[in-house]
Amino acid sequence: MSNELIYLLLIFALLVIPRALQRFKLPAPITCLLLGVGAMLLWGERTHDPVVVLLSTLGISSLFLFAGLEVDPTQLRRGLRPLLAHLVVRSISLVAVAWLGWELLDLAWQPAALVALALLTPSTGFILDTLERLGLDEEERFWVTSKAIAGELLALVVLFVVLLADDPVQLGVSSLAMVGLIIGLPLLFVALGRWVMPHAPGSEFSLLVMVGMVAAYVTYKLGVYYLVGAFVAGLAARLLHRRMPRLASDDNLHALRLFASFFVPFYFFHAGTGIVRDALSWDALWMGLGLTAVVVPARVAVVWAQRRLMFGQRGRGNLRVSVALAPTLVFTLVLAHILHARFGIDSALMGALILYTVLNTMLPSLLLKGPFDVDPMDSRLSRHPEDVLPEPNAAPVAPPAR
């Protein structure tokens, strides 16, 4: 077959098959990941195609750009004390799990810290996109959103330091470069808003995506990963919301969600093709099941205990919030590949991490109302009433009074 036909079939497989399997409570990202694993088993190294790599980079970058745009400093300040307590508990958990990895798995401190991040960091981008489908009320959605964002901010800082800590000079230079990036991105957005956007109406989305991809590439060259720069770019755009409201407007968020929903499946497919054959072993299976049986209940119990004992929250909402924060899909996949490629961890441990994140990602779809997936066209996720199609046999809705 020609390359054009292969790419067309791949697009069809990644955009249609996962949606069709959602009726069986199988999240679409997991289906894309399994398709990648199957392609790796069938065709081996031939699946490492540069076009797929580029599309997957666009997917992971746009996802974290969207996550950065969803940060609302006002909302975070509203729950500052509980969030600070949550971060303290999360920091203690990271240190404890890293120490266990160092002692029990005989890992060096850097891979042990990354394993702790892989096990404990929720996938904020996907969690934010599925809240409305999980049956949570407004207060529960607020706490899931706030805790996921706060946990991801902490994880990104720890990831940056851990990956560069073996070279103090590089850590210092990269830290200065990150400070320059954090200062420079708002200035770049302001410059674009003054000299480009007034003369190119409707260009806000394309300029936002362009800046996000540039920032993602910069942090990748600094020795960390694409997701750090993309998240920082989204956060910078969000902080400029008062000065440049169209940059982080609802229209742009909706468009970016659509953009990410097309490219993200390629990231999960590419992640599946990057899993080595040795990671698909019986040792990985038993280790992954063991990690899931121990870590997932512990994570759910810690969040439940925080809400119940520290803040006096009662009722089933505690369990719903805890379960909604369980998925670790993106961070675990990213760190599993970094751990194997850069630190040479055992293939069985890599496979165990993959199985662990597959199982905890399926937890909300099994225990809560809706499947765990990004569906930007779902009426319950839409921010714009004019985009919502009426339900079959529904009574017509009168237009708003003028």
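Refer to the structure above for everything that follows.
For the structure given in this document, a descriptive report is provided here. Keep in mind that this is a model prediction, so the values were computed, not measured. (Residues numbered from 1 in each chain as written. Predicted model: local features only at pLDDT ≥ 70, side-chain atom pairs only at ≥ 80, totals over all residues. Heavy atoms only, no water.)

**Thoughts on helix α2 (residues 28-43)**
And step 1. If you check α2, its first and last C-alpha atoms are 22 Å apart, about what 16 residues at 1.5 Å a residue would give, namely 22 Å.
And step 2. When α2 is considered as a whole, its buried residues turn out to be A28, P29, I30, T31, C32, L33, G36, V37, A39 and M40.
And step 3. Looking at the buried residues of α2, the elements they touch are α1 (3-21), α7 (124-130), α12 (250-273), α15 (329-342) and α16 (347-367).
And step 4. Following α2 by one or two positions, G44 adopts a phi angle in the positive range, close to 60°. (Helix = DSSP H or I, 4+ residues; strand = E, 2+ residues; numbered from the N terminus. Expected span 1.5 Å × (residues − 1). Buried < 20%, exposed > 50% of the residue type's maximum accessible area, 1.4 Å probe, protein only. Contact = heavy atoms within 4.5 Å.)

**Some details on the packing of aromatic side chains**
And step 1. Evaluation of the coordinates by the stated rule reveals 10 aromatic pairs.
And step 2. Taking 5.0 Å as the distance between ring centres and 85° as the angle between the ring planes, the aromatic pair formed by F262 and F263 counts as edge-to-face.
And step 3. With 5.4 Å between their ring centres and 70° between their planes, Y267 and F268 make a pair best called edge-to-face.
And step 4. On the basis of relative accessibility, which here comes to 5%, the residue Y267 falls in the buried class.
And step 5. Among the aromatic side chains, those forming a connected cluster through ring pairs are F205, F259, F262, F263 and F266. (Phe/Tyr/Trp six-rings, centres within 6.5 Å; stacked < 30°, edge-to-face > 60°.)

**Points about the nonpolar core**
And step 1. Grouped together as the largest cluster of nonpolar side chains are 120 residues, with contacts concentrated most on F64, L114, L159, F189 and F268.
And step 2. Tallying contributions element by element places helix α8 (residues 138-164) first for this core, with 13 residues.
And step 3. Once residues within four sequence positions are removed from consideration, F189 is found in contact with L208, V211, A233, A236, A237, L240, M244 and L247. (Core = buried A, V, L, I, M, F, W, Y, C linked by side-chain atoms within 4.5 Å.)

**Structural notes on the environment of V211**
And step 1. Structurally, the position occupied by V211 is in helix α10 (residues 204-221).
And step 2. V211 gets classed as buried once you look at its relative accessible area, which sits at 1%.
And step 3. In the structure, V211 is positioned 146 residues away from L65 in sequence and 9.7 Å away in space, judged by C-alpha atoms.
And step 4. With residues up to four places along the chain from it excluded, the contact list for V211 reads L185, L188, F189, L192 and A233.

**Brief notes about the packing of α15 against α16**
And step 1. At a minimum axis separation of 9 Å, α15 and α16 run at an interaxial angle of 175°. Between α15 and α16, the interaxial angle falls into the category roughly antiparallel. Residues L329, T332, L333, A336, H337, L339 and H340 of α15 form the contact with α16, whose own contacting residues are S347, M350, L353, I354, T357 and T361.
And step 2. Within the contact of α15 with α16, the residues separate by chemical class into seven nonpolar, six polar and no charged. (Axes fitted to C-alpha atoms, helices over the stretch in contact; angles between N-to-C directions. Parallel < 35°, antiparallel > 145°, perpendicular 65-115°, else oblique. Nonpolar A, V, L, I, M, F, W, Y, C, P; charged D, E, K, R; others polar.)

**What to know about the packing of α8 against helix α9 (residues 168-195)**
The angle between the axes and the distance between the axes are what describe a pair of packed helices.
And step 1. The N-to-C vectors of α8 and α9 enclose an angle of 145°; their axes lie 9 Å apart at closest approach. In this structure, the crossing between α8 and α9 has a hand that is right-handed. Within the contact between the two elements, α8 uses F160, V161 and L164 and α9 uses Q170, L171, S174, S175 and M178.
And step 2. Residue composition of the contact of α8 with α9, grouped by class: five nonpolar, three polar and no charged. (Left-handed = near helix turned anticlockwise from the far one by under 90°.)

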